[in-house]
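Structural description and commentary
Chain by chain, the residues:
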Amino acid sequence: MILVFQSIVSLSLSNTAFQDEALYLYSGRQLFNHLLGGPPVTEPYGQYFAGLIYVHPLLIGALDSIGGIEAARLLSLGCMLLATTSVYLVAKHLFDRDSALLAAALFAVQGVVLYLGRFATFDAMCVSLVGVATVLAVRGDKTSSSRYGLIVGAVLGLAVATKFAALLFAPGVIAILVWQTWRAHGWRQAFLRAVLTASLVATAMIIPAVLDKDVLIGLTKTTTERVAIIRMPRLDIALRAASLGGILVAMAVIGIFITTITTINDRKHFLVGLVLLGSTLLAPAYHIYKTEIVSLQKHVVFSMFFAAPLAGFAVMRFSRYVANRVISRQWLVTLSVCLLVFSLGIGQAQSLFSEWPNSARLIRVMLTQVRPSGRILAEESEVPRYYLQDIVAFWQWNQLYWFYYTDRHGKQLSGVEAYRAAIAEGYFDLVLLRYGPNVDVAHAIDEGLKDPTRYELIAKIPYNTAFGPGNYWLWRKRQPNAGQSGDSTAIF
Amino acid sequence: LSFGIAQFVVLLILLLAVFQLTRTNLGAWTTLATCLLGTALLATSRVSSHRVMRTLILATMVGVSAIDYLAWRTGVINWASWWIAVPLFLAEAFGVLHTLGFQYTLWPRPELALTPREDPTWRPVFVFIPTINEGVEILEPTLRGVLAARDAYLFAYPHARVTVVVCNDGRAANAPGWREVERLARKVDVLCITRKESGGAKAGNIENARQLCGATDDALIAIFDADQIPEQDFLLNTVLPFADPSIGWVQTGQYYRNTDNPIARWANDQQSLFYQVICPGKSSQNAVFICGTNVVIRAAALDEIGGLPQDSLTEDFAASIRLHPRWRSVFIPGILATGLGPMTLQEYFKQQRRWAIGTLSVFRNHWREIFLPGPRGRGMRFGQRIQYALACTHYFCGLRDLIYIIAPLVYLIFGIPAVRGATLSLFFWHFLPYWVASQVAFWYAAWGKSSIRGILLGFGSFPVLIYSAITAITGREVGFAVTSKQRDEARAARTWKHLIPHGVAFMACLVALWVFTRNHNHDEQAALLVSAFWVLYSMVLLSGIFCLGVADWLGLRARNWYALSVVGRLAKPSLRFAVPPLLGLAVLMTGALFVRDHSINSVSGATVPNYFVPDQKAGQPYLGVVLPVELLNSQQPKLERKLGVSFAIVGRTQEISDEFDRGWVDRLATRGARPWITLLFTVPGGAAYDTSLPAIANGVHDDALRRWAGQIRNYGKQVYLAILPHVDRNWVPSSAVTNGGIPQDVERAWKHVREIFRQEKALNVAWVWSPADPIHDSEYAPPRTLIDIVLLSLISYPGTEWADPAKSLAALTARYPNMPLFVEVSAAGEPAQKAGWLRNVKAALATAPSIHAVLYHEGSPMPKAKLADHAAWSLASDSQSLEAMRHIAQAARTRPLDEQ
């Protein structure tokens, strides 16, 4: 029931592809087609992707070629359902079935969880793999085989390969595995499993890095030595993280507290609970440290995963206490808490899913202009490039991040100067700006577009996002006067 | 945490949830969340009974959806028409409150535990049977039932004492058979106390007997109406709970045994809802009130309040409200007594009126006990207050139902909406979850216990309930009227006035529906449809009452009624009764919609025709005419009369947003002519770039093209279709030289459109390539294999040098050898010049081998030409030109040959 509900709510979220989704889907299609004998991949995606390109991008590329973006988003939904199931299994193993059900319900109705279940990026798959690894780790006390560490390591390694950020959570998962194994099977077994798991995780990174230098570049650029794209004061980041998942983390803290004051059975999981709580804080701490706000809403889901079992435990104990053993009252309390969290969560999910403009109208207008020839300069070109890939070739697109241009005098230019020269010389047939992420560049180059002899503004396409209204501005290169206005009175 | 704080925390969480629900307006989401998450979380509650689980889920779903609906509804009240909007909102709020109240009543609670401290069988039991005018034939079976119950009780408890007393009020009321009642009492050896003076109605009668018999202090009093025959085990079941000294009374259900009478059967269904569904819920909250009969009361409790209140029409209810702060009540489910229900609709309405006035009067007099704290905190408990508030206000539902009927009528007839700012989707988003949840929850509880007949009868009582509400509010005195237990056939047959309000309402509904069928306001279509639905719903309910009224009027018994095929199922016990009204609703709705949208297009089942290959017959082209839209229907027959022939092809221009004009092409087909349509990609009010060639090629118009293709395919006969006319010029929107188009776009666009038609299997189209200059179109033209006909337009303007048709045709033939050609001609100028030029055209046609058709462009080719401008361009502009055209016509094929 919880999974069905999570699926329905996630599927109700509706928007066109986000810039990152469009990029991953487009690159994935290229990779997939290349594997099937198609043309080579046109860009070194591995240099700026936060995961191995042959894992998630390839998978969603294949799905995209079958069912478009919806199929790719279904993969994310499946992964988030797996994550919810993992929450249930972790909580059930540590506490009891009732706490597990409540933990799963609380996790499933989180805004960021619902959002990520409908978002075709690496994160959902990574969360689910970290989740499975955590389930395996907490169940480490159930089996005595040292090879168990290999299974945990394989899953955790795949998570890291999917998204490098999973490295952050690997120590926590290994720590849980060690603790659970030590309790049941002694320190030797625990040590062996830890070594095997860590080795596999390291292998998952080292081999691809040796085979493809882009992997190392990608890892350092996007994760280990990442330079913040959008900086924010640390307090603001902390507040943002709290607004996204603070309730669940607060419940988890109460859960830890309860483990210290309740039965022995609960108390023996205090240390695992502490590790879970520690892992909960890792993602926000990383963002606060980097002063980076980008992708916080996705990374908070990792925190939610680790906090949910403790939160479920806390609410279940609380409801049992305050309901005074009246069954329907206890049920009503837990349901009310879930409904409260859901009412916040769905609003959050809808807001997150409308943070980028719906490009349907833009694509509709661009369909009236594009053809398999001519060059297009587009801000956030990834989105129209993805939607128009059957009509417009890769080489036709140019974006606002970097640009090199040799003008008619043979002078080699780059950056804003290059854009200006290209516009002045009518290099682009179409120019699309929205004064969004690249607002500075857009303002710097749009002067030439306002010259009516060169370009004509053919459409101003309004959109609304969670941040307010805006417009896409579409210019078309003015055509030479090729029109013939009736050169014969006899034939027309 | 103390227990009090815990309670407070629970309440706080619930209040927070309610507040959040009202604030966020999440609509169906909350209902879905409650359903799915609630079901999942039930696993944590250790509830073992599936019925309890479902009841919990359904009740909570009703709760959250009701809160959401009301919260949303407050935002769409049309304050501009407050006089209808506010009453409708209040009526809906009242409905929601009672729906919530119903679910609150049903909420699973543990049964209140009894604490036995004594053996109640040692207490004397007095059985009172008040009677006034029912007659001995009604009373005797009751007495025999009571005696049987007494005997069974005494058999089980030989030490017990039971006194049966007939409380005879017939003498005081001048009822003719009161002596017979005394004789009957003597015959069966029971006590009979006959009052000489009336007063206090039924309560006075019982109190009189009670005092005379000494049924006070430690006694237990059982009361049966004269028609209520107890089962043998009545006393065995009802006396034992008095072992708990806090029990004030034990109530049992009231069921009718004369269900072969339709009125009694319907009333019985209504009663069953109360006694089988609601009363057990009330019982779990210690809130079952005394229902006047089939009840056992502790005399000491009555003594405390000075006996049964004699100033009320519902003395039982009035007594309960006073007793409940101190005494507990018990309800025993099951059938422990059966009685006679009202036998005519009029009697039923009379009974309802008495109950409604009585209950509402109690509400007027005792509202403080319900809503205000009692002295020194000794008032009723929260649950009891809720139950009494629900019971007291229940009878306002007549007002609610009247507003439900009126509000959609006001909108349909006068166009005054009670709701503003609500879209159909929002309405469904918020209302449907509430409606579905409440219906499912209601029927889950009532299934097998009540039926839709009870609902219909309740709805049909709205006129008497409104009357009762007004009576109670104004405080008018009304006498106690006993419900007749016998059917007066003669009276029933001639009485129909009680159905006048229903008839008026039904007629008003019909008028509203008639207005609805005349209303073609597409802006408010959704609101109109919703209102029409509610009107139809009211009509179905009213029809149910009429059916019952007819049965009552005819004096039919249910078993005879089976013979009536249409309404025969009315008296059957199952919900199959719902089928005829629902079918009726569906038929009415369909009929109304059909009348309203009578212009529904039918799609013919034409098979896919063969590919249309235009033929060429040297020197014998088809004759056609191209008409501007304003001359389309009028000019063709005129020209045909003047020429003396029929056109084989008639051309016109249409936009992509238009419909394929099936009426026009069918008319052409009956005259043996084919249509030639020039399709423009312009859309009224659309942006210029929408008409560009890339837009066409990239699929922007695909939906419209598929529509056109489907309609042309369904037409099944040959159609000439020109797309991208004058694409080589800058004066058209779909141009290869302007509006973002380039020559290379033409082929893509042309291929794309043809592909759409191919996919839709519209193969009955001949594609006409119609550039402005087909002789020099190599830069633009699509592949020849994709062109079926090439158009040459020779349009001669006054004051210009006119082209030589022969030269132009020769050049075109050289450019497109063996390609079927359309030659479109038109001219405006001096008659002699025009006639001469047309003769040249005829001569040129004779020499060109591949002319498929020659068409005269009737009317001015200038854009936005006025009607007067067309005359100079007509083929009949002057007699000379007309004569020249006649010559062309004679050489042409004026009827198409069969090319299938």
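Thresholds, definitions, all that
- Residues numbered from 1 in each chain as written.
- Chains lettered and ligands numbered in written order.
- Predicted model: local features only at pLDDT ≥ 70, side-chain atom pairs only at ≥ 80, totals over all residues.
- Heavy atoms only, no water.
- Helix = DSSP H or I, 4+ residues; strand = E, 2+ residues; numbered from the N terminus.
- Buried < 20%, exposed > 50% of the residue type's maximum accessible area, 1.4 Å probe, protein only.
- Contact = heavy atoms within 4.5 Å.
- Areas by Shrake-Rupley, 256 points an atom, 1.4 Å probe, with all protein chains shown as cover.
- Expected span 1.5 Å × (residues − 1).
- Buried area = accessible area lost by both parts, 1.4 Å probe.
- Salt bridge = Lys/Arg side-chain N within 4 Å of Asp/Glu carboxyl O.
- Polar contact = N/O pair within 3.5 Å; in protein donor to acceptor, adjacent residues only side chain to side chain.
- Core = buried A, V, L, I, M, F, W, Y, C linked by side-chain atoms within 4.5 Å.
- Pairing = 2+ DSSP bridges.
- Phe/Tyr/Trp six-rings, centres within 6.5 Å; stacked < 30°, edge-to-face > 60°.
- Lys NZ or Arg CZ within 6 Å of the ring centre and 35° of its normal.
- 1 Å grid on protein atoms, 1.4 Å probe; cavity = no way out; pocket = protein on both sides within 12 Å on 5 of 7 lines; lining within 4 Å.
- Points joined across faces, edges and corners; volume = space filled by probe spheres on them.
- Nonpolar A, V, L, I, M, F, W, Y, C, P; charged D, E, K, R; others polar.
- Axes fitted to C-alpha atoms, helices over the stretch in contact; angles between N-to-C directions.
- Parallel < 35°, antiparallel > 145°, perpendicular 65-115°, else oblique.

Focus: the overall build of chain B
- Of regular secondary structure, chain B possesses 30 helices and 18 strands.
- With 900 residues in all, chain B has 57% of them scored as buried.
- Taking all contacts inside chain B whose residues are at least 6 apart in sequence as the whole, residues at least 24 apart take part in 81%.
- When the accessible surface of chain B is summed, it comes to about 37,200 Å², and 59% of that surface belongs to carbon and sulfur atoms.

Things to note about helix α29 (residues 831–847) of chain B
Residue and element names in this part refer to chain B.
- For α29, built from 17 residues, the straight-helix expectation of 24 Å at 1.5 Å per residue is met to within 8% by its first-to-last C-alpha distance of 25 Å.
- Considered for burial, the residues of α29 that qualify are K834, A835, G836, W837, L838, V841, A844 and L845.
- Check the buried side of α29 and you find it contacts β16 (789–796), α28 (805–815), β17 (821–827), β18 (851–857) and α30 (879–891).

Digging into the interface of chain B and chain A
- At the interface, 74 residues of chain B touch 61 residues of chain A.
- Buried area between chain B and chain A, summed over both chains or domains, comes out near 5,700 Å², and the portion from carbon and sulfur atoms is 69%.
- Sorting the residues of chain B by area buried against chain A places W29, L37 and Y689 of chain B first, and these three jointly supply 13% of that buried surface.
- The salt bridge partner of D745 of chain B is R371 of chain A, with a shortest N-O separation of 2.3 Å.
- Counting the contacts that link chain B with chain A gives 8 residue pairs in polar contact (both at pLDDT 80 or more).

Thoughts on unusual backbone geometry
- Even without a glycine there, the phi angle at Y435 of chain A is positive, about 50°.
- Note on placement: Y435 of chain A falls in the loop between β5 (430–433) and α19 (439–445).
- Of note, the phi angle at N294 of chain B is positive, near 55°, even though the residue is not glycine.
- One can find N294 of chain B in the loop between α9 (262–284) and β8 (295–298).

Section: the nonpolar core
- By size, the foremost hydrophobic cluster in this structure holds 146 residues, and its most contacted members are M80, L106, F107, W331 and F342 of chain A together with L37 of chain B.
- At 16 residues, the largest contribution of residues to this core is made by helix α14 (residues 296–322) of chain A.
- Leave out the neighbours within four places in its chain, and F342 of chain A touches F5, V9 and V109 of chain A together with L26, W29 and A33 of chain B.
- Judged by nonpolar contacts, the second largest core, of 79 residues, contains L668, A749, L812 and A889 of chain B.

Some words on the sheet that holds strand β10 (residues 337–339) of chain B
Residue and element names in this part refer to chain B.
- What the 3 strands build is an open sheet, ordered β5-β10-β7; its pairing is mixed. Edge strands, defined here as strands with exactly one partner in the open sheet, are β5 (229–230) and β7 (255–256).
- Taken together, the 2 bridges between β7 and β10 define a ladder with parallel strand orientation. Across the sheet, Y256 pairs through a bridge with G339, a residue of β10.

Some remarks on the packing of aromatic side chains
Residues and elements named next belong to chain B.
- Counted under the stated rule, the structure contains 65 aromatic pairs over all chains.
- Relative to F331, the ring of Y275 lies with its centre 6.4 Å away and its plane at 20°, an arrangement referred to as stacked. Of this pair, Y275 sits in helix α9 while F331 sits in strand β9 (residues 328–332), and the two are 56 residues apart along the sequence.
- Given a relative accessible area of 5%, F331 falls into the buried group.
- By way of ring pairs, the aromatic residues Y69, W72, F427, F428, F431, Y434, F533, W534 and Y537 are connected into one cluster.
- The cationic tip of R109 hangs over the ring face of Y104; the distance from NZ or CZ to the ring centre is 4.5 Å.
- The positively charged end of R652 is found above the aromatic ring belonging to W664, 4.7 Å away from the centroid.

A short note on empty space enclosed by the protein
- One pass over the structure, following the stated rule, counts 3 cavities of 30 Å³ or more.
- The volume enclosed by the largest cavity comes to roughly 80 Å³.
- In terms of lining residues, the largest cavity is bounded by 13 residues, among which A17, P357, E380, V383 and Y472 of chain A are the most central.
- Its residues placed into classes, the lining of the largest cavity shows 9 nonpolar, 2 polar and 2 charged.
- Its boundaries defined by the atoms lining it, the second largest cavity holds a volume of some 60 Å³.
- L679, L680, F681, T682, L724, P725, V732, P733 and S734 of chain B together form the lining of the second largest cavity.

What to know about the packing of helix α11 (residues 234–261) of chain A against helix α13 (residues 270–290) of chain A
Residues and elements named next belong to chain A.
- Packing of α11 against α13 leaves a shortest axis separation of 10 Å and a crossing angle of 175°. The pairing of α11 with α13 is recorded here as roughly antiparallel in orientation. Each of R234, I237, A238, A241, V249, A252, V253, I256, T259 and T260 in α11 lies in contact with α13, whose residues at this interface are F270, G273, L274, L277, T280, L281, P284, H287, I288 and Y289.
- Residue classes in the contact of α11 with α13 are distributed as 14 nonpolar, 5 polar and 1 charged.

Description of the environment of F353 of chain A
Residue and element names in this part refer to chain A.
- Among the secondary structure elements, F353 is positioned in the loop between α15 (327–352) and α16 (360–366).
- Given a relative accessible area of 2%, F353 falls into the buried group.
- Taking the C-alpha atoms as reference points, F353 and V112, 241 residues apart in sequence, are found 9.7 Å from one another.
- Excluding its chain neighbours within four sequence positions, the residues that come into contact with F353 are L13, S14, N15, R73, Y115, R118 and F119.

What to know about the pairing of β8 of chain B
Residues and elements named next belong to chain B.
- Both faces of β8 are covered, namely the face carrying V295 and I297 and the face carrying V296 and R298.
- By the bridge criterion, 4 bridges tie strand β4 (residues 220–223) to β8 in an arrangement that is antiparallel. Note on β8: the bridge partner recorded for L220 is R298.
- Bridge count between strand β6 (residues 247–252) and β8: 3 bridges; the pairing is antiparallel. Across the sheet, the residue bridging to Q251 is V295, located in β8.

Some details on the environment of L400 of chain A
All names here are of chain A.
- Tracing the sequence through the fold places L400 in the loop between β2 (397–398) and β3 (404–406).
- For the pair L400 and G415, spaced 15 residues apart in the sequence, the C-alpha separation amounts to 8.5 Å.
- Non-local contacts of L400, meaning those with residues more than four positions away in its chain, are made with L377, A378, E379, Y419, L433, N438, V441, A442 and I445.

The values are spatial; any link to function lies outside them.
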